[in-house]
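These are the residues of each chain, in order.
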Number of protein chains: 2
Amino acid sequence: MTIKLGLVGTGTVGGGCIDILQKHKEDFKRHYGIDVELARVCSRDPKQAEAHGVSDLFTLDYHDIVNDPDIDIVIELIGGTTVARDVVVSALEAGKNVVTANKALMATHGEEVMHLAEKMNREIAFEASVGGGIPIIDPLKHSLISNEITSVMGIVNGTTNYMLTRMVDDNLSYDEALKEAQERGFAEADPTADVDGFDAAAKIAILASIAFNSRVTLDDVHTEGIRNITTLDLDTADDMGYVIKLLAIAHRTPDGIDVRVHPTMLPKAHQLATVNGVFNAIYVTGDAVGETMFFGEGAGAGPAASAVMGDVLEVARHLTLGVSPIVGCTCTDNLPILPVEDLQTKYYIRFAVADRSGVLAAMAGVFAKHGVSVRSVVQRGNSEHETVNLSYVTHTAKEASVRAVLAEIAGLEDVLRAEPSVIRVEG
Amino acid sequence: MTIKLGLVGTGTVGGGCIDILQKHKEDFKRHYGIDVELARVCSRDPKQAEAHGVSDLFTLDYHDIVNDPDIDIVIELIGGTTVARDVVVSALEAGKNVVTANKALMATHGEEVMHLAEKMNREIAFEASVGGGIPIIDPLKHSLISNEITSVMGIVNGTTNYMLTRMVDDNLSYDEALKEAQERGFAEADPTADVDGFDAAAKIAILASIAFNSRVTLDDVHTEGIRNITTLDLDTADDMGYVIKLLAIAHRTPDGIDVRVHPTMLPKAHQLATVNGVFNAIYVTGDAVGETMFFGEGAGAGPAASAVMGDVLEVARHLTLGVSPIVGCTCTDNLPILPVEDLQTKYYIRFAVADRSGVLAAMAGVFAKHGVSVRSVVQRGNSEHETVNLSYVTHTAKEASVRAVLAEIAGLEDVLRAEPSVIRVEG
């Protein structure tokens with residue numbers, strides 16, 4: 001039995017999938033009895049199909065794939081939530097199984113497409129939507145299900161992790177690190193989705209939904225990016241025995257789900273602290289398994305295609321054996337999302353302020369007024385602009401109080417010289 | 001549909017499984033539609049059943065479980081290859097599915113029991129046999145199958161990793177570290193299986209079989225333990241920028257499979273180098289996915305039970321849905337096992353030798369005679385016994401030549417004062 005594949009999107013990841021098929025098609029037959037064949041390829045650019053030697057399968061119109069009765073599995077790799085949603089929905093409606101790498105789609109319309117798949121008795125698989133090649137969705141949906149998962153924390157955006165690593169290793173500024181990441185193809189011309197944390201937010205929404213058996217969408221995730229991080233923050237963290245990572249965090253608490261993305265100080269001894277460059281890692285804590293971590297390359301043709309083709313082969317295996325979908329939507333619980341204002345943690349906050357008398361006292365007054373207890377404050381000069389950097393580390397404080405501090409300090413006349421850098425301290 | 005479980009073995013891991021069932025039985029129904037029920041419990045010690053409140057299910061005779069027509073899944077947790085083999089074989093022959101944590105059984109009789117399961121159209125699952133709670137067998141059998149796996153390297157024995165960590169952190173001797181591990185319950189009274197590497201060898205045999213789609217058994221694994229490692233070796237490694245770990249290694253080469261367990265020097269920057277204490281990690285390299293690592297607790301009631309119950313729930317899910325076994329034996333290829341004598345790598349070798357003139361020259365002659373090129377040699381005195389330690393680091397050399405060097409030096413009259421410490425250098 002030959003399982004026929006229709007590929008929509010022939011960019012980096014799609015090209016990687018074609019490569020894997022061309023290299024290992026015979027291995028899949030011999031090892032697993034899975035016979036897959038690329039039947040049709042769609043993209044906006046015929047040259048990409050040509051470059052991979054599949055011009056004969058090419059179409060510009062994805063309807064040629066979703067309407068082809070011979071095609072068993074549609075692979076959606078165009079990304080976004082408009083055309084991609086149409087492709088996925090119409091493929092499922094036409095009775096196809098779907099494999100996608102689309103984190104934005106799954107983090108916003110996940111419930112819709114999973115229920116549609118269930119209704120049609122078809123599979124939708126999306127391992128590649130989080131962590132590139134790292135197996136994480138499959139372990140959460142299978143190996144770890146005897147656990148109550150209490151926490152998922154991940155470095156799930158390779159672009160920002162690369163930038164932070166370069167800022168530490170070679171003392172690059174944020175702008176220099178971003179430029180280098182763009183030149184090396186790790187960041188887009190418009191880096192917003194990465195540096196402002198939205199890419200990571202989509203991924204933690206997906207992971208939290210699976211881990212906690214409760215729907216978490218992109219809108220539920222409190223999201224902050226790395227734009228305000230400077231080398232001074234990284235140096236200070238280093239002095240304190242910490243590293244700074246853009247962490248995607250989801251905790252299960254007795255009151256509900258705490259889910260957020262923001263720059264975070266992690267102790268150097270934490271297993272996530274040594275995950276550098278474009279590598280990703282997801283740290284999962286369960287009530288039986290204890291602490292586990294899944295590490296690997298978070299992006300790139302090979303890793304992402306490994307995950308996509310792993311899903312394709314699994315679905316093809318089920319089709320070959322005549323097995324109906326095994327795992328559908330598992331969001332059976334309806335846990336509340338905790339307001340970020342209720343968060344209680346430690347904070348590192350750096351203010352670039354005017355270098356004049358009275359500022360430090362005024363700021364101390366604001367912290368005291370809102371009941372935010374300061375553990376340490378370090379002042380460092382910045383000769384260029386008559387500005388000094390004041391780096392505060394607080395005791396455990398309530399997010400709402402810290403926000404009140406930030407708002408009131410922002411309103412002080414002629415004090416702030418730049419946006420403060422706010423970094424929560426984990427562990 | 002209620003899936004009935006028969007548990008054979010109520011020690012640490014068996015107790016952990018009972019705990020999980022008691023805690024999460026209702027969650028499994030609600031989240032996954034899986035209804036499992038512990039129907040019978042067998043062990044040599046009724047008190048263990050009593051301690052977990054399951055005396056009413058207790059039997060001393062495992063035949064009461066394998067012959068019970070109501071039982072769907074037999075969980076074998078007694079270990080070893082004699083009675084455990086009988087339990088597994090007779091359970092499969094009676095048409096039961098089997099979940100086991102038994103590495104020795106799978107590394108020696110794996111082929112037999114997997115073929116028997118296939119013949120009976122039943123499942124045998126053994127995630128807990130490697131790496132405690134870490135999902136590794138399942139990812140290798142599912143998520144990563146679009147790859148040609150080229151290498152699997154693991155810290156898969158928590159006892160020795162704990163000992164080596166304690167020797168580094170607190171400068172404990174081998175004997176002190178072993179004593180402490182025994183006192184804390186991390187090492188058996190007879191520590192042979194751990195410290196001589198056999199436990200790790202069974203695990204890498206299982207991993208290599210799956211990763212390379214080719215049968216590798218315990219006997220195929222060249223195995224050396226950590227008995228000859230001293231704090232001097234660990235300090236020297238540290239000076240060189242390395243850590244010493246007991247690594248289980250399997251490489252796919254164009255000529256066949258290179259599989260072995262031995263103390264290994266790893267660069268400090270390697271992701272495995274920071275895996276300390278009783279933690280385990282498995283580092284997998286594939287042609288598409290690149291480098292990935294799976295980290296977690298390698299032993300203990302919770303982690304091992306997490307893996308066992310993950311398998312149980314997966315099999316139960318299949319039974320509930322009426323799904324036949326999905327993945328059977330995948331050892332379709334028949335790759336040769338490379339003789340360890342053909343290995344080419346760098347070596348660290350420490351000799352404790354008599355403190356007298358002529359020894360260094362005699363040893364240099366032996367290295368030269370067998371064509372083993374020495375990169376550095378460091379001499380350190382040991383005032384106690386008129387002994388000095390000579391620590392050699394070689395350039396890349398052939399294992400057979402290094403063995404010839406070791407044999408010839410062992411034969412030199414009145415030179416060696418102790419067994420040499422031989423550590424291969426990776427990366």
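Residues numbered from 1 in each chain as written. Chains lettered and ligands numbered in written order. Predicted model: local features only at pLDDT ≥ 70, side-chain atom pairs only at ≥ 80, totals over all residues. Heavy atoms only, no water.

Take the relation of the copies chain A and chain B next. When chain A is fitted to chain B, the residual RMSD is 0.1 Å, and the transformation amounts to a turn of 180° plus an axial shift of 0.0 Å. What the rotation and shift describe, once combined, is the action of a two-fold rotation axis. Taking C-alpha positions as the reference, the residue of chain A nearest the rotation axis is Phe294(A), at 2.5 Å. The overlap is high: 100% of the interface residues of chain A also sit at the interface in chain B, so the same surface is used on both sides. (Least-squares fit on C-alpha atoms with pLDDT ≥ 70 in both. Contact = heavy atoms within 4.5 Å.)

So, about empty space enclosed by the protein. Following the criterion strictly, the structure yields three cavities of 30 Å³ or more and no others. By volume, the largest cavity is sized at about 110 Å³. Along the walls of the largest cavity sit 16 residues, with Met114(A), Phe126(A), Ser209(A), Ile210(A) and Arg215(A) positioned nearest its centre. For the lining of the largest cavity, the secondary-structure elements that each account for two or more residues are α5 (103–120) and α10 (198–212) of chain A. Residue composition of the lining of the largest cavity, grouped by class: 10 nonpolar, four polar and two charged. Two domains each provide a minimum of three residues to the lining of the largest cavity, namely domain 1 (2–132 + 301–321) and domain 2 (137–297) of chain A. Volume-wise, the second largest cavity comes out at about 60 Å³. Surrounding the second largest cavity, Tyr32(A), Leu140(B), Leu144(B), Ile145(B), Asn147(B), Ile149(B), Ile210(B), Ala211(B) and Asn213(B) form its lining. Split by residue class, the lining of the second largest cavity holds seven nonpolar, two polar and no charged. (1 Å grid on protein atoms, 1.4 Å probe; cavity = no way out; pocket = protein on both sides within 12 Å on 5 of 7 lines; lining within 4 Å. Points joined across faces, edges and corners; volume = space filled by probe spheres on them. Helix = DSSP H or I, 4+ residues; strand = E, 2+ residues; numbered from the N terminus. Nonpolar A, V, L, I, M, F, W, Y, C, P; charged D, E, K, R; others polar. Domains from an automatic or database assignment.)

All right, on to the UniProt feature "active site" (unreviewed entry) in chain A then. Residues and elements named next belong to chain A. Under the UniProt annotation, "active site" (unreviewed entry) lies at Lys 203. Structurally, the position occupied by Lys 203 is in helix α10. Excluding anything up to four places from it in sequence, Lys 203 contacts Lys 103, Ser 129, Val 130 and Val 156. (UniProt positions renumbered as here; feature names shortened; annotations may be inferred.)

With that settled, the discussion passes to the domain arrangement of chain A. Considered domain by domain, chain A is made up of domain 1 (2–132 + 301–321), domain 2 (137–297) and domain 3 (342–425). Domain 1 of chain A and domain 3 of chain A are separated by 50 Å when their C-alpha centres are compared.

Residue and element names in this part refer to chain A. When the UniProt feature table is mapped onto this chain, "binding site: L-homoserine" (unreviewed entry) is found at Glu 188. Here Glu 188 lies in the loop between α8 (174–183) and α9 (192–195). Owing to a relative accessible area of 55%, Glu 188 belongs among the exposed residues under this scheme. (Buried < 20%, exposed > 50% of the residue type's maximum accessible area, 1.4 Å probe, protein only.)

This next bit is on the sheet that holds strand β4 (residues 73–76) of chain B. Residues and elements named next belong to chain B. What the six strands build is an open sheet, ordered β3-β2-β1-β4-β5-β6; its pairing is parallel. Each end of this open sheet is capped by a strand with a single partner; those strands are β3 (58–59) and β6 (124–125). In terms of strand pairing, strand β5 (residues 97–100) meets β6 through two bridges, oriented parallel. By the bridge assignment for β6, Val 99 is matched with Ala 125. Contacting β1 (2–8) and β2 (35–42), helix α1 (residues 12–32) crosses the sheet at an angle of about 160° to β2. (Pairing = 2+ DSSP bridges. Axes fitted to C-alpha atoms, helices over the stretch in contact; angles between N-to-C directions.)

What follows is about the interface of chain A and chain B. With 56 residues of chain A in contact, the opposing surface of chain B contributes 56 residues. It is Ile145(A), Ser146(A) and Phe295(A) that lose the most area in chain A upon contact with chain B, and together they represent 14% of the buried surface on that side. Between chain A and chain B we count four salt bridges in total. Note that Lys23(A) is salt-bridged to Asp287(B), the shortest N-O span being 3.1 Å. The interface formed by chain A and chain B contains 26 residue pairs in polar contact (both at pLDDT 80 or more). When residues of the side of chain A that touches chain B are assigned to their parent elements, the largest contribution, 11 residues, is made by helix α12 (residues 301–321) of chain A. Considered class by class, the residues forming the side of chain A that touches chain B number 25 nonpolar, 19 polar and 12 charged. The pairing of strand β12 (residues 290–297) of chain A with strand β12 (residues 290–297) of chain B spans five bridges and is antiparallel. Within β12(B), the position partnered with Phe295(A) by the bridge is Met293(B). (Buried area = accessible area lost by both parts, 1.4 Å probe. Salt bridge = Lys/Arg side-chain N within 4 Å of Asp/Glu carboxyl O. Polar contact = N/O pair within 3.5 Å; in protein donor to acceptor, adjacent residues only side chain to side chain.)

One pass over the full model with this rule turns up 50 salt bridges over all chains. The shortest N-O distance in the salt bridge between Asp196(A) and Arg227(A) comes to 2.7 Å. Taken together, the residues Asp196(A) in the loop between α9 and α10 and Arg227(A) in the loop between β8 (222–223) and α11 (231–240) connect sequence positions 31 residues apart. Given the relative accessible area of 17%, Asp196(A) is considered buried. Accessibility expressed as a relative area gives 42% for Arg227(A), which makes it partly exposed. Asp414(B) is the partner of Arg417(B) in a salt bridge, and the nearest nitrogen-oxygen pair spans 3.0 Å. Each of Glu224(A), Glu341(A), Glu399(A), Arg403(A) and Arg424(A) takes part in salt bridges that share partners, so that together they form one network.

The next thing to look at is the pairing of strand β9 (residues 242–253) of chain A. Residue and element names in this part refer to chain A. The buried count for β9 comes to nine of 12 residues, which makes it a mostly enclosed element. As defined by bridge partners, strand β7 (residues 149–155) adjoins β9 across four bridges and the pair is classed as antiparallel. Across the sheet, Ser 151 pairs through a bridge with His 251, a residue of β9. Taken together, the 12 bridges between β9 and strand β10 (residues 256–267) define a ladder with antiparallel strand orientation. In the sheet register, Val 243 faces β10, and the bridge partner there is Leu 266.

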